[in-house]
Amino acid sequence: MSDSALAHLIELPGTINLRDIGGYHTRDGHTIRKHKLYRSGLITYMPEAVQQHLLEIGLNTDIDLRQPADRSKAPDVELPGVAYHNLSLYPFADHPHFMMKFRLASKAAHFTLARDSYRYMATDPRTAKMLRKVIQLLVQNETGATLFHCFAGKDRTGVVAMLIEGLLDVPEKVAHQDYIVTNDILMDRFTGDQAAADLPMTNRMVMGMNSQPADDSYFEAVQTIVKQYGGWPAYAKEHLDLTDSDIKDLKRLPQFTIQVQHPDD
């Protein structure tokens, strides 16, 4: 795995798979600014010192991609001045029984079903509304930092990261490294009885998804759908109903990208 992708990991007590997307270069000569855009897993158990640290670096928007039922079992820490948004990517409108199907499936079937979930996240009309709102919230946040997360920071968070990085013109190879490095960070935490013992507050479908390593075919499933539209901007406009202005605003916001590429930026 790329050391450069793993270098984005922020190891703070009470966090899972917390990473700064800042530092990735784009194809048009920009660099995503550090300390402005974070991806993560569960943030329920952050100690006060970590909470204060996030406030000090400017966190003002928390986007929770989990379902309300899971959120109620392990709510995000409420931080003063931080706007909270629950934009659950599950369930799917076009596949309303997918979650039950996954819960009842054998472990041998989980790989294929997990890949299906990525295709559904990229195509489902209900999920499209949530993804559109994520981008709109990023565009609206002109002053602070945004954190988006799910339970492990792998699947739902992974798809949102693909979208953001795609629209910011991060090379596909780099986006793939950012996705797959999850395996190096946390897969030992989501295996068998260890997962059930450490993380009992999630439902069986989510735990089953998290027990599957991030896989090249999951990443490719999303990329294949996007390429059918002609790329991320076209996908965002046609499927997510974002406007040209939304996409341009995201790319030109000074808090997200900087023209000069320098390791200290």
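Scroll up a little and you will see the structure.
The notes below deal with the structure included here. Starting from 1, residues in each chain are numbered consecutively following that chain's sequence as written. Reporting in this predicted model follows two pLDDT cut-offs: at least 70 for local features of residues, and 80 or more for side-chain atom pairs to be given and counted; totals over whole chains, interfaces and linings ignore these cut-offs and use all residues. Excluding hydrogens and water, the side-chain figures rest on all heavy atoms present in the structure.

Here, nonpolar core refers to any group of buried Ala, Val, Leu, Ile, Met, Phe, Trp, Tyr and Cys residues whose side-chain atoms link them within 4.5 Å. Think of it in three bands: with a 1.4 Å probe and only protein chains considered, a residue is buried below 20% of the maximum accessible area for its type, exposed above 50%, and partly exposed in between. Grouped together as the largest cluster of nonpolar side chains are 63 residues, with contacts concentrated most on Ile 135, Phe 148 and Tyr 235. The helix count covers DSSP runs of H or I at least four residues long, the strand count covers runs of E at least two residues long, and both are numbered beginning at the N terminus. If you tally residues by element for this core, the top one is helix α6 (residues 125-140), at 8 residues. Among all residues touching Phe 148, those that are not within four sequence positions of it are Ile 21, Leu 37, Tyr 38, Arg 39, Ser 40, Ile 63, Leu 65, Thr 157, Val 160, Ala 161 and Ile 164. Counting residues in each nonpolar core, the second largest holds 12 residues, with Tyr 38, Val 50, Leu 79 and Ala 145 among its members. Any two residues whose heavy atoms approach within 4.5 Å at even a single point are treated as in contact.

Look at helix α7 (residues 156-167): 17 Å from first C-alpha to last across 12 residues, which is about the 16 Å you get at 1.5 Å a residue. Burial analysis of α7 places 12 of its 12 residues in the buried class, which makes it a mostly covered element. Listing the buried residues of α7 in full gives Arg 156, Thr 157, Gly 158, Val 159, Val 160, Ala 161, Met 162, Leu 163, Ile 164, Glu 165, Gly 166 and Leu 167. Note on α7: the residue one or two positions beyond its end, Asp 169, has a positive phi of about 70°. What a helix should span is 1.5 Å times the count of its residues minus one.

A word on the environment of Asp 116. Positionally, Asp 116 belongs in helix α5 (residues 110-123). A residue is classified by how much of its surface remains accessible, and Asp 116, at 13% relative accessible area, is buried. Residues Asp 116 and Ala 221, 105 residues apart in the sequence, show an inter-C-alpha distance of 8.3 Å.

Two numbers describe how α6 lies on helix α14 (residues 244-252): the axes approach to 9 Å, and their chain directions differ by 50°. When the axis of α6 is compared with that of α14, the two are oblique. By crossing handedness, the relation of α6 to α14 is classed as left-handed. Two secondary-structure elements touch here, α6 through Ile 135, Gln 136, Leu 138 and Val 139 and α14 through Asp 246, Asp 249 and Leu 250. Residues are grouped as follows: Ala, Val, Leu, Ile, Met, Phe, Trp, Tyr, Cys and Pro are nonpolar; Asp, Glu, Lys and Arg are charged; every other residue, Gly included, is polar. Broken down by class, the residue content of the contact of α6 with α14 amounts to 4 nonpolar, 1 polar and 2 charged. Every axis corresponds to a line fitted to the C-alpha atoms, with the helix fit spanning only the stretch in contact, and the corresponding angles, defined between N-to-C directions, vary from 0 to 180 degrees. For this classification, under 35 degrees means roughly parallel, over 145 means roughly antiparallel, 65 to 115 means roughly perpendicular, and everything else is oblique. Crossing chirality is assigned from the near helix's rotation relative to the far helix, an anticlockwise turn below a right angle marking it left-handed and a clockwise turn marking it right-handed.

Mapped onto the elements of the fold, Leu 55 is located in helix α2 (residues 48-56). According to the relative accessible area criterion, Leu 55 is partly exposed, its value standing at 24%. Expressed as a C-alpha distance, the spacing of Leu 55 and Leu 79, which sit 24 residues apart in the sequence, is 7.8 Å. In contact with Leu 55, other than residues within four places in its own chain, are Leu 79, Pro 80 and Val 82.

Bear in mind that shape data such as this cannot, by itself, settle questions of function.
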